[in-house]
Amino acid sequence: QVQLVESGGGSVQAGGSLRLSCAVVGYTYSPVYMGWFRQAPGKEREGVAAIYIGGGITYSADSVKGRFTISHDNAKNTLYLQMNTLKPEDTAMYYCAADFRLRVGYGPLDLRRFGIWGQGTQVTVSS
């Protein structure tokens, strides 16, 4: 019943910015964790950023620290990823994910933690 609806992807020149959104619909309670993952052609899916909803604690991959910011609007039940100073290597399909159960034993950016996934939104950064 729960679905994640992503938007905000597109094409941008290097150095530009994009903001991705992920709306949680069909929910009855807030997720424990939410996160953004990305997968480029020929590469493994990797964690980009995550947030512990209850405390607002955020985590991010080293490759995006200082450039990407994850946030969550509790009133709108929407997850955001503000991406600044985009680089060509940021080009990938970006996926929103939610953990409605506290899965013990996995790190914040471990994809195994997340059970609900969005359809993905493409981000393309040109040089």
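Preceding block: the structure.
These figures come from a predicted structure and were not determined experimentally.

(A) Broad picture of the overall build of the chain. Of regular secondary structure, the chain possesses 0 helices and 11 strands. Starting at the N terminus and ending at the C terminus, the chain contains elements arranged as β-β-β-β-β-β-β-β-β-β-β. Here the C-alpha coordinates of the chain stretch approximately 40 × 30 × 25 Å along the principal axes. A buried classification covers 42% of the 127 residues belonging to the chain. In the form shown here, the chain has an accessible surface area of approximately 6600 Å², with 48% of it arising from carbon and sulfur atoms. Charge separation in the chain, taken as the distance between the mean sites of 12 positive and 9 negative side-chain charges, equals 3 Å.

(B) Structural detail: the side chain of Asp-99. Within the secondary structure layout, Asp-99 lies in strand β9 (residues 92–99). Overall, the relative accessible area of 0% leaves Asp-99 in the buried class. One polar contact links the side chain of Asp-99 to the main-chain amide nitrogen of Arg-101, over a distance of 2.9 Å. Leave out the neighbours within four places in its chain, and Asp-99 touches Pro-31, Val-32, Tyr-33, Arg-113 and Phe-114.

(C) How the structure looks around the pairing of strand β4 (residues 33–39). Counting buried positions over the 7 residues of β4 gives 6, a clear majority of the element. Linkage of β4 to strand β5 (residues 46–52), two consecutive antiparallel strands, is achieved through a turn of 6 residues, within which Gly-42 is found at a positive phi near 80°. Of the pairings in the sheet, the one linking β4 to β9 comprises 7 bridges and is antiparallel in character. Paired with Gly-35 across the two strands is Ala-97, which belongs to β9.

(D) Local environment of the environment of Tyr-94. Within the fold, Tyr-94 resides in strand β9. According to the relative accessible area criterion, Tyr-94 is buried, its value standing at 0%. Along the backbone, Tyr-94 and Phe-37 are 57 residues apart, and their C-alpha atoms lie at a distance of 5.6 Å. Those residues within four positions of Tyr-94 in sequence are excluded, and the remaining contacts are Glu-6, Leu-20, Phe-37, Arg-38, Val-48, Phe-68, Leu-81, Met-83, Gly-120, Thr-121 and Val-123. A polar side-chain atom of Tyr-94 sits 2.9 Å from a polar atom in the side chain of Arg-38.

Cut-offs applied
Residues numbered from 1 in each chain as written. Predicted model: local features only at pLDDT ≥ 70, side-chain atom pairs only at ≥ 80, totals over all residues. Heavy atoms only, no water. Helix = DSSP H or I, 4+ residues; strand = E, 2+ residues; numbered from the N terminus. Buried < 20%, exposed > 50% of the residue type's maximum accessible area, 1.4 Å probe, protein only. Areas by Shrake-Rupley, 256 points an atom, 1.4 Å probe, with all protein chains shown as cover. Lys, Arg positive; Asp, Glu negative; His and termini not counted. Charge placed at Lys NZ, Arg CZ, Asp CG, Glu CD. Polar contact = N/O pair within 3.5 Å; in protein donor to acceptor, adjacent residues only side chain to side chain. Contact = heavy atoms within 4.5 Å. Pairing = 2+ DSSP bridges.

Without other data, these values stay purely geometric and don't point to any function.
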